[in-house]
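An overview of the molecular structure
Each chain, written out:
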Amino acid sequence: MACLYGNSIKAHISGLVSDVNTKDGAIWYKIQVEILDVYWFVERRYSDFEALNKKLVDSQGIPRDNVVLPPKKFIGNKDPEFVEKRRQQLDEYLKNVIQLLGQNPPEDLAQFLNLYDFEVIFMLRKLASEIFDKGEQILADQNAFTLSPYQIYAINERMKMPIPSLDSEDKRQDFSHIVEFCSRLQSLNIVGSNISLGSSTIVPNQYSMSLSIFKSIKFLSLKLINADKIAEVGTVRQTVERISIHNCDFQSMNQFLLCDSVYKTFAESGLSFSWNNVVSINCSNNTFESVGDIGDLVPSLRCIELSYNKLRNVFNLTSLPLLERVSYSGNVIASPEDLHLRFGNIVILDMSQNIVECLQPFYKLYSLVLLNLSCNKVSAVEQVKHVSFLPCLESLILTGNPVASSVDYRVKALSYFGNRASSLELDNEKANSTEMDQISIIQAIELAKRSTVQGKN
């Protein structure tokens, strides 16, 4: 972590002439800024040094004799020997400035060294200013606010420092703005990254997070987060109602729900780790291998989204008595078995974009209202008969299956539903009058066939 509290800052212009790059017709000097084992690079022109020097003379009254900026040169200022000599002079100037002002860098020096992007105290001053300007509107509109793991880690560490919340002359930069905002925030996006932050060696996902500062979160979204970096959930576990997890490295649901527990099963962890108010979990676009028995962990869950996880099996979710909506869209499920023993009384089931061929496994999902099987491998219209007896079914979606391109597909499929053919939606459309006439004919023929068979018997 790059933090000036209790540490010193170093900076030097790295390299020789070969390390000095040219762009826009000007000479740019690469400055390496270091705090402990963290460093980053800043590129500045001579004119930037000149502007900094003027500001420091005006605001800090630095002695001109002790901190001397090399003079300006108009002719031959791109000669390699001159550039190298100026690099050394600017390097010496920068070291003297930091020695004089580095313990508590003024605003101008902090901007010059990009402290507001990487150093914890200045980074949080910048965040406090943003919250001061926009925080109340964000809270009033209940908009989601985005933070990185590094920012949350910085907030956690700043709370441990025995320094005033206002350590700047600018009241907008008061750290207490962040604390109050986080305690009232209801929607939080945490977006991680395994790529270095800007030109620094800071990798956001290397830092652990405690969410204990958030007291009112109802919606929590995690993107690109490492599973082992959530050190503490805090009161979020009691307040959150909706959870989204995308592109994270969790292998199972329990790995997240029990992320701050030593144990990864409810039996070992206990009731204190339950997410009692969670009604919706969206875990699409991950690498989940299993869901696990999560009923005791999220007893109020009504909706679970497991799309695009490359799952091959349907997991037992009967321990969730309130569960109504389930999505396994975009996985590689071919032959689901005993679905009525795995789902309970669900109302909406989305298994689109899998490789299902047979509808027989769905025939006992008696509470099902909508069944989405679009973009699977169903090729025979006779498969529809397996779900035609589901008493609550109102919508069946088979678009994108081979069967949907067969002759008279809609008429034949709807005919299996008997008197319900006119009210059921097939592929988001009810039967029109022409289709109903054809369905009536098919049903009359089938009825005549059954009567003939019964008469012979």
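Quick summary incoming for the structure in this document. (Residues numbered from 1 in each chain as written. Predicted model: local features only at pLDDT ≥ 70, side-chain atom pairs only at ≥ 80, totals over all residues. Heavy atoms only, no water.)

Before going further, it helps to spend a moment on the sheet that holds strand β12 (residues 303–305). An order of β5-β6-β8-β10-β11-β12-β13-β14-β15-β16-β17-β18 is seen for the 12 strands of this open sheet, with the pairing classed as mixed. If you trace the sheet from one side to the other, it starts and ends with β5 (145–147) and β18 (429–430), each paired once. Pairing analysis gives three bridges linking strand β11 (residues 280–282) to β12, with the strands arranged parallel. Residue pairing in the sheet places I281 in a bridge with I304 of β12. (Pairing = 2+ DSSP bridges. Helix = DSSP H or I, 4+ residues; strand = E, 2+ residues; numbered from the N terminus.)

On to the pattern of salt bridges, then. Opposite charge on two side chains makes pairing possible when the charged atoms of those side chains draw close. On inspection of all chains with the given rule, the structure shows 15 salt bridges. One continuous salt-bridge network, built from bridges that share partners, spans R125, R158 and D167. (Salt bridge = Lys/Arg side-chain N within 4 Å of Asp/Glu carboxyl O.)

Let's shift gears to the layout of surface pockets. Its volume calculated, the largest pocket comes out at about 370 Å³. Lining the largest pocket are 15 residues, and of these S415, Y416, Q443, E446 and R450 sit closest to its centre. At the level of elements, α11 (409–415) and α12 (433–456) are the ones that each hand at least two residues to the lining of the largest pocket. The dominant element in the lining of the largest pocket, judged by the number of residues it contributes, is α12, at four residues. In terms of residue class, the lining of the largest pocket is made up of five nonpolar, four polar and six charged. Of the pockets and cavities examined, the second largest pocket occupies roughly 260 Å³. When its residues are assigned to classes, the lining of the second largest pocket shows four nonpolar, four polar and five charged. (1 Å grid on protein atoms, 1.4 Å probe; cavity = no way out; pocket = protein on both sides within 12 Å on 5 of 7 lines; lining within 4 Å. Points joined across faces, edges and corners; volume = space filled by probe spheres on them. Nonpolar A, V, L, I, M, F, W, Y, C, P; charged D, E, K, R; others polar.)

Moving on, we get to the state of the cysteines. In total, this model carries zero disulfides according to the counting rule given. Unpaired in terms of disulfides, C248 finds its nearest cysteine sulfur in C283, a separation of 8.9 Å. For C248, a relative accessible area of 5% translates into the label buried. No disulfide involves C375; its sulfur sits 19 Å from the nearest other cysteine sulfur, which is in C358. Looking at C375, the relative accessible area reads 39%, which means it is partly exposed. (Disulfide = S-S within 2.5 Å. Buried < 20%, exposed > 50% of the residue type's maximum accessible area, 1.4 Å probe, protein only.)

Our next topic: the packing of aromatic side chains. For the structure on display, the rule yields 11 aromatic pairs. One aromatic cluster in this structure is built from F49, Y93 and F112. The residue whose ring lies beneath R86 is Y46, and the NZ or CZ to ring-centre distance is 3.9 Å. Directly above the aromatic system of F175 lies the positively charged group of R158, at a separation of 4.7 Å from the ring centroid. (Phe/Tyr/Trp six-rings, centres within 6.5 Å; stacked < 30°, edge-to-face > 60°. Lys NZ or Arg CZ within 6 Å of the ring centre and 35° of its normal.)

With respect to the helices and strands, the residue R44 is situated in strand β4 (residues 38–45). Reaching out from R44, the side chain makes a polar contact with the backbone oxygen of F112 at a distance of 2.9 Å. A polar side-chain atom of R44 sits 3.3 Å from a polar atom in the side chain of N114. In contact with R44, not counting residues within four places along its chain, are I27, W28, Y29, I31, F49, Q111, F112 and N114. (Polar contact = N/O pair within 3.5 Å; in protein donor to acceptor, adjacent residues only side chain to side chain. Contact = heavy atoms within 4.5 Å.)

Let us look at the pairing of β4. Side chains V38, W40, V42 and R44 project from β4 onto a buried face, and the interleaved Y39, F41, E43 and R45 project onto a face without burial. Inspection of the sheet shows strand β3 (residues 26–35) paired to β4 by eight bridges, in the antiparallel sense. Within the sheet, the bridge partner assigned to W28 lies in β4 and is R45.

In a regular helix each residue adds 1.5 Å, so 12 residues correspond to 16 Å; helix α6 (residues 149–160) covers 17 Å between its end C-alpha atoms and thus fits that length. Most of α6 sits inside the fold, with nine of its 12 residues counted as buried. Restricting attention to buried positions, one finds in α6 the residues P149, Y150, I152, Y153, A154, I155, N156, E157 and R158. Looking at the buried residues of α6, the elements they touch are α4 (115–118), α5 (120–141), β5, α7 (176–184), β6 (187–191) and β7 (209–210). (Expected span 1.5 Å × (residues − 1).)

Quick look at empty space enclosed by the protein now. Within this structure, the stated rule accounts for one cavity of 30 Å³ or more. By volume, the largest cavity is sized at about 50 Å³. Together, I121, L124, R125, A128, R158, S165, D167, Q173 and F175 line the largest cavity. Counting residues per element, the lining of the largest cavity draws most heavily on α5, which supplies four residues. Among the residues forming the lining of the largest cavity, the class breakdown is four nonpolar, two polar and three charged.

Another point: α5. A maximum bend of about 60° is found in α5 at K134. One or two steps after α5, the chain reaches Q142, where phi turns positive at roughly 55°. (Bend = angle between axes of the 7 residues up to and from the residue.)

We now examine the nonpolar core. Among the nonpolar cores identified, the biggest contains 139 residues, and F214 and F362 are the most heavily contacted of them. By residue number, the principal contributor to this core is α5, which donates 10 residues. Excluding its chain neighbours within four sequence positions, the residues that come into contact with F362 are P336, L339, L349, M351, V356, L371, L373, V387 and L390. (Core = buried A, V, L, I, M, F, W, Y, C linked by side-chain atoms within 4.5 Å.)

It is worth spelling out unusual backbone geometry at this point. Of note, N285 is a non-glycine position whose phi angle comes to about 60°, a positive value. Even without glycine at this site, Y308 takes up a positive phi of about 55°. Looking at the secondary structure, you find Y308 in the loop between β12 and β13 (325–327). When its relative accessible area of 36% is taken as the criterion, Y308 is described as partly exposed.

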